[in-house]
Amino acid sequence: MKKITFAGLLFAGICGFGNPAMFAQDNTSKAAAADVINSDSVLDRQFLVLRKDIRSVRKQTIAATLTLTDDEAPKFWPVYEQYSDELEKITDIRLALIEEYAEEYGNLTDEEADSLVGRWLDTDTAVDQLRQKYVPILRKVLPGKKAATFFQLDRQLGMTVDIRLTSRLPLMQGRG
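About the thresholds
Residues numbered from 1 in each chain as written. Predicted model: local features only at pLDDT ≥ 70, side-chain atom pairs only at ≥ 80, totals over all residues. Heavy atoms only, no water. Helix = DSSP H or I, 4+ residues; strand = E, 2+ residues; numbered from the N terminus. Buried < 20%, exposed > 50% of the residue type's maximum accessible area, 1.4 Å probe, protein only. Contact = heavy atoms within 4.5 Å. Areas by Shrake-Rupley, 256 points an atom, 1.4 Å probe, with all protein chains shown as cover. Core = buried A, V, L, I, M, F, W, Y, C linked by side-chain atoms within 4.5 Å. Phe/Tyr/Trp six-rings, centres within 6.5 Å; stacked < 30°, edge-to-face > 60°. Salt bridge = Lys/Arg side-chain N within 4 Å of Asp/Glu carboxyl O. Axes fitted to C-alpha atoms, helices over the stretch in contact; angles between N-to-C directions. Parallel < 35°, antiparallel > 145°, perpendicular 65-115°, else oblique. Nonpolar A, V, L, I, M, F, W, Y, C, P; charged D, E, K, R; others polar. pLDDT = per-residue confidence, 0-100.

S.K.: What should I look at first to understand the overall build of the protein chain in this one?
M.R.: Counting its secondary structure elements, the protein chain contains 6 helices and 0 strands. Counting from the amino terminus, helix and strand elements in the protein chain follow one another as α-α-α-α-α-α. In the protein chain, which comprises 176 residues, the proportion classed as buried is 35%. Considering only contacts within the protein chain whose residues lie at least 6 apart along the sequence, 82% involve residues at least 24 apart. Counting only carbon and sulfur atoms, one obtains 56% of the accessible surface of the protein chain, whose full area is about 10,400 Å².

This is the structure in structure tokens:
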């Protein structure tokens, strides 16, 4: 099997935003995706752009959806940036795990697979803990409904990225 690149996985997973057909994959489309995910230089550059765009789109979505007063906005955005920076550190770990998986795809031992699953679950826990940490922080700058709205949006956006990204990863067991 051809080597799957990290940037290729990320690109293939994220470029499908807004395209529900990407969820319904048959074996042919999965094989085609594996073939597409091999052009390192182009996809690596696209990965860098997409990663920056994802952060920008998240912020734009929150700005367009979360109605802030003139008093709330200057208090909220610095907290949001701090939260976003901390979230990005967790995302970096997730992306490193995906890169590790891509580099070792087809050659993982059971122990390595267990390790990847455990570390991925640790990132899920870290995101939950980060959100819990920021509930009281955001409540100092936003009323309860607006803080809750922020966390709803954050969770929706995070889940969308996760679904798009992980739905494009080939299954660890493969098709023997």
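The structure having been displayed, the exposition proceeds.
S.K.: I keep staring at the environment of A147 and nothing clicks. Help me out?
M.R.: Tracing the chain through its elements places A147 in helix α6 (residues 144–166). For the pair A147 and F76, spaced 71 residues apart in sequence, the C-alpha to C-alpha distance is 9.6 Å. Non-local contacts of A147, meaning those with residues more than four positions away in its chain, are made with L138, R139 and L142.

S.K.: Looking at this model, I keep getting lost on the nonpolar core. Mind explaining?
M.R.: A general trend in soluble globular proteins is that nonpolar side chains are found buried together. Judged by nonpolar contacts, the single largest core of 20 residues is most densely connected at I62, L66, F76, L138, L142 and F150. For this core, the leading source of residues is helix α4 (residues 73–104), giving 7 residues. Setting aside residues no more than four positions away along its own chain, F150 makes contact with I62, L66, F76, Y80, Y83 and L138. Core analysis: the second largest hydrophobic core is formed by 9 residues, L95, I98, W120 and L165 among them.

S.K.: Mind showing me how you'd approach the packing of aromatic side chains here?
M.R.: Both the distance between ring centres and the angle between the ring planes are used here to describe each pair of aromatic rings. The final tally for this structure, using the stated rule, is 8 aromatic pairs. Taking the centre distance of 5.7 Å and the plane angle of 70 degrees together, the rings of F76 and F150 count as edge-to-face. A residue pair is termed long-range when its members are at least 10 positions apart, and F76 in helix α4 and F150 in helix α6 qualify at 74 residues. We classify F76 as buried; its relative accessible area is 0%. Residue classification places F150 among the buried residues on the basis of a relative accessible area of 1%. Seen in terms of ring centroids, Y80 and F150 are 6.0 Å apart; in terms of plane orientation they differ by 85 degrees. Their pairing is edge-to-face.

S.K.: Sorry if this is basic, but what is going on with the pattern of salt bridges here?
M.R.: Side-chain pairs of opposite charge can arise where the charged atoms are in close proximity. Counted by the stated rule, this structure contains 13 salt bridges. Residue R55 pairs with D85 through a salt bridge whose shortest N-O separation is 2.5 Å. Highlighted residues: R55 in helix α3 (residues 40–65) and D85 in helix α4, separated in sequence by 30 residues. Classification of R55 as partly exposed rests on a relative accessible area of 24%. With relative accessibility at 39%, the residue D85 sits in the partly exposed group.

S.K.: Explain the packing of α4 against helix α5 (residues 110–139) to me, please; I cannot follow it from the model alone.
M.R.: Packed helices, taken two at a time, are described by the angle their axes make and the gap between the axes. Taken N-terminus to C-terminus, the directions of α4 and α5 make an angle of 175 degrees; their axes are 10 Å apart at the nearest point. Judged by the angle between their axes, α4 and α5 are roughly antiparallel. The residue makeup of the contact of α4 with α5, split by class, is 17 nonpolar, 2 polar and 7 charged.

S.K.: Explain the confidence of the model for the protein chain to me, please; I cannot follow it from the model alone.
M.R.: Predicted coordinates in areas of low pLDDT are best not read in detail. Averaged over every residue, the pLDDT of the protein chain is 77; the share at 70 or more is 69%. Contacts from residues 1–39, a stretch scored under 50 in pLDDT, to residues over four places away or in other chains number 73 contacts.

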